[in-house]
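Summary of the model geometry
Listed here are the chains, written in short residue letters.
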Amino acid sequence: TQLLEQSPQFLSIQEGENLTVYCNSSSVFSSLQWYRQEPGEGPVLLVTVVTGGEVKKLKRLTFQFGDARKDSSLHITAAQPGDTGLYLCAGGGSSNTGKLIFGQGTTLQVKP
Amino acid sequence: EAGVAQSPRYKIIEKRQSVAFWCNPISGHATLYWYQQILGQGPKLLIQFQNNGVVDDSQLPKDRFSAERLKGVDSTLKIQPAKLEDSAVYLCASSLWTAREQYFGPGTRLTVT
């Protein structure tokens, strides 16, 4: 069974601080996605990484896929209150069915 | 372009009652997913449709849950009878065939008392 573990589960920081969220597995994934979910809403896709070692940047967010495609990280620079939310990583298998395995999420609170 | 629509947004029922959720995916999206998200956890796939055929229902509790997508467009998910542990947010998502990018609806928050 493929599992994704995220750490930390909760993070409360001040505006302007930097942070990193980790997503780890013992399984290899064909792709890794990061979503952000706000209260009362569904997850919204932030990025998809597919190549081992790939790095993608989205404004102040930097995403990295591990070389072995078993882990990923999300780094936020100079966090803002608008970054508050639940961050979910999701791994895609090799079966090409589109099925995603989600991590349990990291709840981020950025205080002004 | 309209997003994934779900209704109702909230539902409170007593245990052993039945409930149904409705989802209308993004126009043109052949693949539709139903997820269960329990508080404090990530979404768990219940069932995946491609057009009106089931691709994966391995984690659907088939003794009480059922889902259909008769015309390959909108879908309904039913629980009968509901248990306390079914309290969760039920999310619907859609994608182009088996494209990696899934688009989620706002979810239905179910409370079973």
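We now turn to the structure provided with this report. All values reported here derive from a predicted model rather than from experimental measurement.

1. Focus on the packing of aromatic side chains
- In total, this model carries 8 aromatic pairs over all chains according to the counting rule given.
- Considering the side-chain rings of Y35(B) and F104(B), the 5.4 Å spacing of their centres and the 40° angle between planes classify their relative orientation as tilted. Placement of Y35(B) in strand β4 (residues 31–37) and of F104(B) in strand β10 (residues 103–104) is noted, with a sequence separation of 69 residues between them. When sorted by exposure, Y35(B) lands in the same class as F104(B), which is buried.
- Taken together, the ring pairs in this structure connect Y35(A), F102(A), Y33(B), Y35(B) and F104(B) into an aromatic cluster.

2. A closer look at the sheet that holds strand β6 (residues 55–58) of chain A
Residues and elements named next belong to chain A.
- Spatially, the 5 strands line up as an open sheet ordered β1-β3-β8-β7-β6, and their pairing is antiparallel. With one partner strand each, in any of the chains shown, β1 (5–7) and β6 form the two edges of the open sheet. Here the strands of the sheet are splayed against their neighbours by 15° on average, with no regard to which way each runs.
- Inspection of the sheet shows β1 paired to strand β3 (residues 19–24) by 3 bridges, in the antiparallel sense. Its bridge partner lying in β3, Q6 is registered against C23.

3. Some points on the pairing of strand β11 (residues 106–111) of chain A
Residue and element names in this part refer to chain A.
- Residues T106, L108 and V110 point to one face of β11 and are all buried, whereas T107, Q109 and K111, pointing to the other face, are not buried.
- Both strand β2 (residues 10–14) and β11 contribute to a ladder of 5 bridges, which runs parallel. Each bridged residue has a counterpart across the sheet, and for Q14 the counterpart in β11 is K111.

4. So, the interface of chain A and chain B
- Facing the 21 residues of chain A at the interface are 22 residues of chain B.
- The contact between chain A and chain B buries some 1,600 Å² in all, and 49% of this surface belongs to carbon and sulfur atoms.
- Seen at the junction of chain A and chain B, the total is 1 salt bridge.
- Across the pair K99(A) and D56(B) runs a salt bridge, and its minimum N-O distance is 3.3 Å.
- Among the elements of the structure, β4 (31–37), β5 (44–49), β9 (85–92) and β10 (100–102) of chain A are those that each provide at least two residues to the side of chain A that touches chain B.
- Sort the elements by how many residues they give to the side of chain A that touches chain B and β4(A) lands first, with 4 residues.
- Within the side of chain A that touches chain B, the residues separate by chemical class into 8 nonpolar, 11 polar and 2 charged.

5. Some details on the pairing of strand β5 (residues 44–50) of chain B
Residue and element names in this part refer to chain B.
- Most of β5 is tucked away: 5 of the 7 residues are buried.
- Examined bridge by bridge, β4 and β5 share 6 bridges and lie antiparallel to one another. Within β5, the residue paired with T31 across the bridge is Q50.
- From the end of β4 to the start of β5, which pair antiparallel, there are 6 residues, and G40 there has a positive phi angle of about 85°.
- Summarising the sheet, β5 and strand β6 (residues 53–56) pair through 3 bridges and their orientation is antiparallel. Its bridge partner being in β6, Q50 is matched across the sheet by G53.

6. Observations regarding the state of the cysteines
- Inspection of every chain in the model, using the stated rule, returns 2 disulfides over all chains.
- Between the sulfur atoms of C23(A) and its disulfide mate C89(A) the distance is 2.0 Å. Disulfide C23(A) to C89(A): torsion about the S-S bond roughly 75°, handedness right-handed. On the criterion of sequence distance, the pair formed by C23(A) in strand β3 and C89(A) in strand β9 is long-range, its members being 66 residues apart.
- By relative accessible area, C23(A) is classed as buried at 0%.
- There is a disulfide in this structure between C23(B) and C92(B), and the S-S distance comes to 1.9 Å. The S-S bond linking C23(B) to C92(B) shows a torsion near -70°; that makes this disulfide left-handed. Note that C23(B) is positioned in strand β3 (residues 19–24) and C92(B) in strand β9 (residues 88–95), a separation of 69 residues in sequence. Neither C23(B) nor C92(B) differs from the other in exposure class; each is buried.

Reading the values: rules and limits
Residues numbered from 1 in each chain as written. Chains lettered and ligands numbered in written order. Predicted model: local features only at pLDDT ≥ 70, side-chain atom pairs only at ≥ 80, totals over all residues. Heavy atoms only, no water. Phe/Tyr/Trp six-rings, centres within 6.5 Å; stacked < 30°, edge-to-face > 60°. Helix = DSSP H or I, 4+ residues; strand = E, 2+ residues; numbered from the N terminus. Buried < 20%, exposed > 50% of the residue type's maximum accessible area, 1.4 Å probe, protein only. Pairing = 2+ DSSP bridges. Axes fitted to C-alpha atoms, helices over the stretch in contact; angles between N-to-C directions. Contact = heavy atoms within 4.5 Å. Buried area = accessible area lost by both parts, 1.4 Å probe. Salt bridge = Lys/Arg side-chain N within 4 Å of Asp/Glu carboxyl O. Nonpolar A, V, L, I, M, F, W, Y, C, P; charged D, E, K, R; others polar. Disulfide = S-S within 2.5 Å.

Treat this as a map of the structure, not an account of what it does.
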